[in-house]
Number of protein chains: 2
Amino acid sequence: MDIARIEAAATRLAGHARRTPLLSSPFLDEVAGRRVLVKPECLQHTGSFKFRGAWAAVSALAPEVRKRGIIAFSSGNHAQGIAAAARMHGIPAAIIMPSDAPAAKVAGTRGLGAEVVSYDRATGDRDAIGAALSEERGLTLVKPFDEPEVIAGQGTCGLEIAEQASEAGVTTGDVLVCCGGGGLTSGIALALEAKAPGLRVRPVEPQGFDDVARSLAAGGIRRNDKLSGGICDAIVTPQPGELTFPIMSRLCGPGLAVSEDEVLRAMALAFRHLKIVAEPGGAVALAAALFHGDALEGETVVATVSGGNVDPATFARALEIA
Amino acid sequence: MDIARIEAAATRLAGHARRTPLLSSPFLDEVAGRRVLVKPECLQHTGSFKFRGAWAAVSALAPEVRKRGIIAFSSGNHAQGIAAAARMHGIPAAIIMPSDAPAAKVAGTRGLGAEVVSYDRATGDRDAIGAALSEERGLTLVKPFDEPEVIAGQGTCGLEIAEQASEAGVTTGDVLVCCGGGGLTSGIALALEAKAPGLRVRPVEPQGFDDVARSLAAGGIRRNDKLSGGICDAIVTPQPGELTFPIMSRLCGPGLAVSEDEVLRAMALAFRHLKIVAEPGGAVALAAALFHGDALEGETVVATVSGGNVDPATFARALEIA
């Protein structure tokens, strides 16, 4: 993985992915006690940064491989990113989802033209189902984060942050990234290493699911004790990736963990002052920027809002705070 | 008013106002039955397009006049636009508001550094209060829409629409604009006349408050029968402006009017598929794009979302539909 791969992905994404703006509000600066710049990837196609990695991976395939189609395991933002990238390339996509996935997510993925293949979480073997389907149809698997082209695609968000922060006069400080498996975090870290070395990436996770923070502190991969049970489920993964962890370990500052109450308050403040819709997992970095200022360095902090795919009931909970 | 004035305003706004992106979703296209491109001015500083006109007006003043400060009458988005533009220029701003203005709006305007001067709606004479204050301190009044530099500033939104629509391959069709006094509508119409003559502006208003549509149809200024009582109050004005009406009359297609139910559904769809927060008055154009397709022309429709300053309770009403 190097910057050339990210720049090549950026060339392929140009005109297809959105260049999201950098937002700010004096009211957020006041809460944080420093200047806050927000990179709202909720405004990306399909409502999350995942579209970048999906497009990068699909567009990197040889045409004769690509045309047979792609396959992914996901019931979340990766599924929609893959579905949209496939649709825009005019190729088939199959998404393997548990049969108890929320109906809205199934409908959303189907609405983007993908075939949804269900399996029973208790009795089915999703890897076997995926392997059989791939072999039968010649589909290419696109993994959600531990995949070089996916990391390169997410890294294009980092190229934009480097440029936009520089335009705003910011060349030093912490860049807080919502972190699951580490695809976005490691991609942005690689981009900033090359383009804005004074900016340092720090992964942010929900409290109780801070495998990356603990892995970074321990100098080796640590797992989460549990994998569900919080409002930030969408960004919870068992452990950092085999590809992403060494990158994060080399480039990132210490991880941060935020509470669910802080996440809901960050969603409410993003609603009120930025007019964007953040999902809980997508609001962890903003929550750290706003409420964990003592742990940050620099006069300015950059925070990603990685996605906005939140159900109305959960958003309404945040609004009660707004 | 001509395009040179809008381009001069764009030069002064560069690096200060946000260039908002053009958003879209295949799900919205499906609802509308055509391609829908959304210009989200809710992402502008202070959460509405009003910042553009305020900045244009303030920056056009001679330095020795500007430094004495500005004054405006508003309890809404114009107040915040003026306050922010004044703050960013380092000059004082006084905003005259009725004493029964919502506390959140007063606090929001004060939070941006403006002085809020209250008057009693029943017994006070706001014009006299404003005139006395202006004379005493040498403040310059910035009117909300019937003011050439304000129209020019709002027109910069039209310059961006012309460029961004062209990049998206769109050169013909209707451009729907949320319309109160007509500052944004006439500004965008002037910009498109010069830069994208195949795009036609059409004002959109709430049903029951469609003074502009009726004025256009009658060929002369008509007033609204009532001035409050709807969720779109923020964009309701007594009648089109003396400066804005002739421009709209010359350049705009027929006006459209949407129901409150359509407005709430548009807010819900913008939440779900674009991840933006639209205020009711700011969602009327999107509502027309989505639900009044029979009255539109072209394969693509552009809709402005003019603002996102909505209270949580009203937004929650929209979420119940989402």
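Values in this document were obtained by computation on a predicted structure and should not be read as measured data.

**So, the overall build of chain A**
For step 1, the next point in the chain: When helices and strands are tallied, chain A shows 14 helices and nine strands.
For step 2, the next point in the chain: Here the C-alpha atoms of chain A give a radius of gyration of 18 Å, agreeing with the 20 Å that 2.2 N^0.38 yields for 322 residues.
For step 3, the next point in the chain: Projected onto its principal axes, the C-alpha coordinates of chain A cover approximately 55 × 40 × 40 Å.
For step 4, the next point in the chain: Per-residue burial for chain A yields a buried fraction of 61% across its 322 residues.
For step 5, the next point in the chain: The long-range fraction of contacts in chain A, counting pairs at least 24 apart against all pairs at least 6 apart in sequence, stands at 73%.
For step 6, the next point in the chain: For chain A, the accessible area works out to roughly 11,700 Å², and carbon and sulfur atoms hold 49% of it.
For step 7, the next point in the chain: Side-chain charges in chain A split into 31 positive and 36 negative, and the spacing between the mean points of these groups amounts to 4 Å.

**Digging into unusual backbone geometry**
A negative phi angle is the norm for most residues apart from glycine, just as the trans form is the norm for most peptide bonds.
Residue and element names in this part refer to chain A.
For step 1, the next point in the chain: At Thr46, a position not held by glycine, the phi torsion is positive, near 65°.
For step 2, the next point in the chain: Look at Thr46 and you get buried, because its relative accessible area is 18%.
For step 3, the next point in the chain: Look at Lys275: it is not a glycine, yet its phi comes out positive at around 65°.
For step 4, the next point in the chain: Relative to the helices and strands, Lys275 is located in the loop between α12 (260-274) and α13 (284-291).

**Section: helix α14 (residues 312-319) of chain B**
Given 3.6 residues to a turn, an α-helix orients residues that are three or four positions apart in the same direction.
For step 1, the next point in the chain: Every buried residue of α14 of chain B is listed here: Pro312, Thr314, Phe315, Ala318 and Leu319 of chain B. Burial along α14 of chain B is one-sided: seen end-on, the buried residues are contained in an arc of 160°.
For step 2, the next point in the chain: Buried positions along α14 of chain B lie against α12 and α14 (312-319) of chain A together with α12 (260-274) of chain B.

**Digging into the relation of the copies chain A and chain B**
For step 1, the next point in the chain: Least-squares fitting of chain A to chain B yields an RMSD of 0.0 Å, with the superposition described by an axial translation of 0.0 Å and a rotation of 180°. Taken together, the rotation and translation relating the two chain copies correspond to the operation of a two-fold axis. Measuring from the rotation axis to each C-alpha of chain A, the shortest distance belongs to Ile276 of chain A, at 2.3 Å.
For step 2, the next point in the chain: Residue by residue, 100% of the interface of chain A is reproduced at the interface of chain B, so both copies engage with the same surface.

**Some remarks on the side chain of Thr244 of chain A**
Residues and elements named next belong to chain A.
For step 1, the next point in the chain: Examined against the element boundaries, Thr244 turns out to sit in helix α11 (residues 244-251).
For step 2, the next point in the chain: Thr244 sits in the buried class, given a relative accessible area of 0%.
For step 3, the next point in the chain: Once residues lying within four places of it in the same chain are set aside, the contact partners of Thr244 are Phe145, Asp146, Ile151, Gly181, Gly182, Gly183 and Ser186.

**A closer look at the packing of aromatic side chains**
Residues and elements named next belong to chain B.
For step 1, the next point in the chain: Tallying each qualifying case throughout the model produces seven aromatic pairs over all chains.
For step 2, the next point in the chain: Measuring from ring centre to ring centre gives 5.8 Å for Phe51 and Trp55, while their planes differ by 40°; the resulting arrangement is tilted. Remark: Trp55 and Phe51 occur in helix α3 (residues 50-60); sequence separation between them is four residues, near one turn of the helix. Grouping residues by exposure puts Phe51 and Trp55 together as buried.
For step 3, the next point in the chain: Taking the ring centre of Phe291 as reference, the NZ or CZ of Arg265 above it sits at 4.1 Å.

**Here we look at the UniProt feature "domain: Tryptophan synthase beta chain-like PALP" (unreviewed entry) in chain A**
For step 1, the next point in the chain: In this numbering, the UniProt entry assigns the feature "domain: Tryptophan synthase beta chain-like PALP" (unreviewed entry) to residues 15-307 of chain A.
For step 2, the next point in the chain: As annotated, residues 15-307 of chain A has a helix share of 44% and a strand share of 16%, and its two end C-alpha atoms lie 20 Å apart.

**Regarding the pattern of salt bridges**
For step 1, the next point in the chain: Enumeration according to the criterion identifies 32 salt bridges over all chains in this entry.
For step 2, the next point in the chain: Glu163 of chain A is the salt-bridge partner of Arg19 of chain A, the closest N and O atoms lying 3.1 Å from each other. One end of the pair, Arg19 of chain A, is in the loop between α1 (3-13) and α2 (26-32); the other, Glu163 of chain A, is in helix α8 (residues 148-167), with 144 residues separating them in the sequence.
For step 3, the next point in the chain: Residue class for Arg19 of chain A comes out partly exposed when judged on its relative accessible area of 42%.
For step 4, the next point in the chain: Here Glu163 of chain A falls in the partly exposed class, since its relative accessible area comes to 43%.
For step 5, the next point in the chain: The closest approach of N and O atoms between Asp261 of chain B and Arg265 of chain B, which form a salt bridge, is 3.4 Å. With Asp261 of chain B and Arg265 of chain B both in helix α12 and four residues apart, the pair spans about one turn of that helix.
For step 6, the next point in the chain: Take Asp261 of chain B: its relative accessible area is 43%, and that puts it in the partly exposed class.
For step 7, the next point in the chain: Via salt bridges that share partners, Lys39, Glu41, Arg52 and Glu160 of chain A belong to a single interconnected network.

**Overview of the packing of helix α10 (residues 211-218) of chain A against α11 of chain A**
All names here are of chain A.
For step 1, the next point in the chain: The N-to-C vectors of α10 and α11 enclose an angle of 60°; their axes lie 10 Å apart at closest approach. Seen along the crossing, α10 lies across α11 with a hand that is right-handed. Within the contact between the two elements, α10 uses Val212, Ser215 and Leu216 and α11 uses Phe245, Met248 and Ser249.
For step 2, the next point in the chain: Considering only residue class, the contact of α10 with α11 consists of four nonpolar, two polar and no charged.

**Quick word on the sheet that holds strand β2 (residues 70-73) of chain B**
Neighbouring strands of a sheet are bound in pairs by backbone hydrogen bonds; such pairs are parallel or else antiparallel.
All names here are of chain B.
For step 1, the next point in the chain: If you trace the four strands from one edge of the open sheet to the other, you get β4-β3-β2-β5, paired in parallel fashion. Only two strands of the sheet have a single partner each, and these edge strands are β4 (115-119) and β5 (140-141).
For step 2, the next point in the chain: In this structure, β2 lies alongside β5, joined through two bridges in parallel fashion. Bridge assignment links Ile71 to a residue of β5, and that residue is Leu141.
For step 3, the next point in the chain: Its contacts with the sheet place helix α6 (residues 103-111) against β3 (93-98) and β4, and it is angled at close to 175° to β3.

**Quick look at the packing of α12 of chain A against α13 of chain A**
Residue and element names in this part refer to chain A.
For step 1, the next point in the chain: Across the interface, α12 lies against α13 with an axial gap of 8 Å and an inter-helix angle of 90°. For the element pair α12 / α13, the angle class is roughly perpendicular. Together, Glu262, Val263, Arg265, Ala266, Leu269 and Ala270 of α12 and Val284, Leu286, Ala287, Leu290 and Phe291 of α13 make up the contact between the two elements.

**Let's talk about the side chain of Asp146 of chain B**
Residues and elements named next belong to chain B.
For step 1, the next point in the chain: Along the chain, Asp146 turns up in the loop between β5 and α8 (148-167).
For step 2, the next point in the chain: Buried Asp146, no salt bridge; nearest opposite-charge side chain is Lys143, N-O distance 5.8 Å.
For step 3, the next point in the chain: For Asp146, the side chain forms a polar contact with the main-chain nitrogen of Thr244, separated by 3.3 Å.
For step 4, the next point in the chain: Once residues within four sequence positions are removed from consideration, Asp146 is found in contact with Gly241, Glu242, Leu243 and Thr244.

**Focus on the environment of Met1 of chain A**
Residues and elements named next belong to chain A.
For step 1, the next point in the chain: Take Met1: it is sitting in the segment before α1.
For step 2, the next point in the chain: The exposure class of Met1 is partly exposed, given its relative accessible area of 37%.
For step 3, the next point in the chain: Among all residues touching Met1, those that are not within four sequence positions of it are Ile6, Pro148, Ile151, Ala152, Leu190 and Ile247.

Procedures and definitions
- Residues numbered from 1 in each chain as written.
- Chains lettered and ligands numbered in written order.
- Predicted model: local features only at pLDDT ≥ 70, side-chain atom pairs only at ≥ 80, totals over all residues.
- Heavy atoms only, no water.
- Helix = DSSP H or I, 4+ residues; strand = E, 2+ residues; numbered from the N terminus.
- Rg over C-alpha atoms; globule rule 2.2 N^0.38 Å.
- Buried < 20%, exposed > 50% of the residue type's maximum accessible area, 1.4 Å probe, protein only.
- Contact = heavy atoms within 4.5 Å.
- Areas by Shrake-Rupley, 256 points an atom, 1.4 Å probe, with all protein chains shown as cover.
- Lys, Arg positive; Asp, Glu negative; His and termini not counted.
- Charge placed at Lys NZ, Arg CZ, Asp CG, Glu CD.
- Arc of directions from axis to C-beta.
- Least-squares fit on C-alpha atoms with pLDDT ≥ 70 in both.
- Phe/Tyr/Trp six-rings, centres within 6.5 Å; stacked < 30°, edge-to-face > 60°.
- Lys NZ or Arg CZ within 6 Å of the ring centre and 35° of its normal.
- UniProt positions renumbered as here; feature names shortened; annotations may be inferred.
- Salt bridge = Lys/Arg side-chain N within 4 Å of Asp/Glu carboxyl O.
- Axes fitted to C-alpha atoms, helices over the stretch in contact; angles between N-to-C directions.
- Left-handed = near helix turned anticlockwise from the far one by under 90°.
- Nonpolar A, V, L, I, M, F, W, Y, C, P; charged D, E, K, R; others polar.
- Pairing = 2+ DSSP bridges.
- Parallel < 35°, antiparallel > 145°, perpendicular 65-115°, else oblique.
- Polar contact = N/O pair within 3.5 Å; in protein donor to acceptor, adjacent residues only side chain to side chain.

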